[in-house]
Amino acid sequence: MNLIANCCNIEYPIEINQYLRGDLNYYLQSEHNILVVEAKQADLTRGFTQLATELIALDTWVESDEPILYGAVTTGDIWQFGSFDRQERKVSQDLMLYRVPTDLEILMQILVGILMQG
């Protein structure tokens, strides 16, 4: 698998309906996908709300059999992960915050783990 060749789109527009539309900040693709949302003004709470909304929109937009869609919200220095269970229609928020550079190794393990799981 070549992650570089099919890596990501930056600021990719998506419109499901008048309520679910906007730009995906980063959408990383491999066998599995992860959506990364930039927390505007370093507000992780609002950023996670945006992530949850975009994961729900992505559920309609993405053609795959993946039961769970993964995402992360970041300020650049701080990362938080979430997921959307497509069958239960439920968003989950990881309570852990990962800081760069302190938690960089585990942060990278999580990102690669999501992209390479299977």
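Residues numbered from 1 in each chain as written. Predicted model: local features only at pLDDT ≥ 70, side-chain atom pairs only at ≥ 80, totals over all residues. Heavy atoms only, no water.

What is the right way to read the nonpolar core from this model?
Note on soluble globular proteins: their nonpolar side chains tend to be buried together. Residues Leu-35, Leu-51, Leu-55, Leu-58 and Val-73 are the most contacted members of the largest nonpolar core, which totals 14 residues. When residues in this core are grouped by element, the largest group, five residues, is from helix α1 (residues 44-61). Apart from residues lying up to four places away in sequence, Leu-51 is in contact with Leu-35, Val-37, Gly-71, Ala-72, Val-73 and Gly-82. One finds Leu-28, Ile-34, Ile-114 and Leu-115 within the second-largest nonpolar core, a separate group that totals 11 residues. (Core = buried A, V, L, I, M, F, W, Y, C linked by side-chain atoms within 4.5 Å. Buried < 20%, exposed > 50% of the residue type's maximum accessible area, 1.4 Å probe, protein only. Helix = DSSP H or I, 4+ residues; strand = E, 2+ residues; numbered from the N terminus. Contact = heavy atoms within 4.5 Å.)

Quick question: what am I supposed to make of the pattern of salt bridges here?
Two side chains bearing opposite charge may form a pair once their charged atoms approach each other closely. Summed over all chains, the structure comprises two salt bridges. One salt bridge connects Asp-59 with Arg-86, and the closest N-O pair in it is separated by 2.5 Å. In this pair, Asp-59 sits in helix α1 while Arg-86 sits in the loop between β5 (78-85) and β6 (90-93), placing the two residues 27 residues apart along the sequence. Residue Asp-59 is classed as buried on the basis of its relative accessible area of 14%. Judged by relative accessible area, Arg-86 falls into the buried class, the value being 14%. Linking Arg-89 and Asp-59 is a salt bridge whose minimum nitrogen-to-oxygen distance equals 2.3 Å. Linking Arg-89 in the loop between β5 and β6 with Asp-59 in helix α1, this pair joins segments that are 30 residues apart in sequence. Here the salt bridges do not stand alone but share partners, grouping Asp-59, Arg-86 and Arg-89 into one network. (Salt bridge = Lys/Arg side-chain N within 4 Å of Asp/Glu carboxyl O.)

Read these as layout, nothing more, since geometry by itself doesn't imply function.
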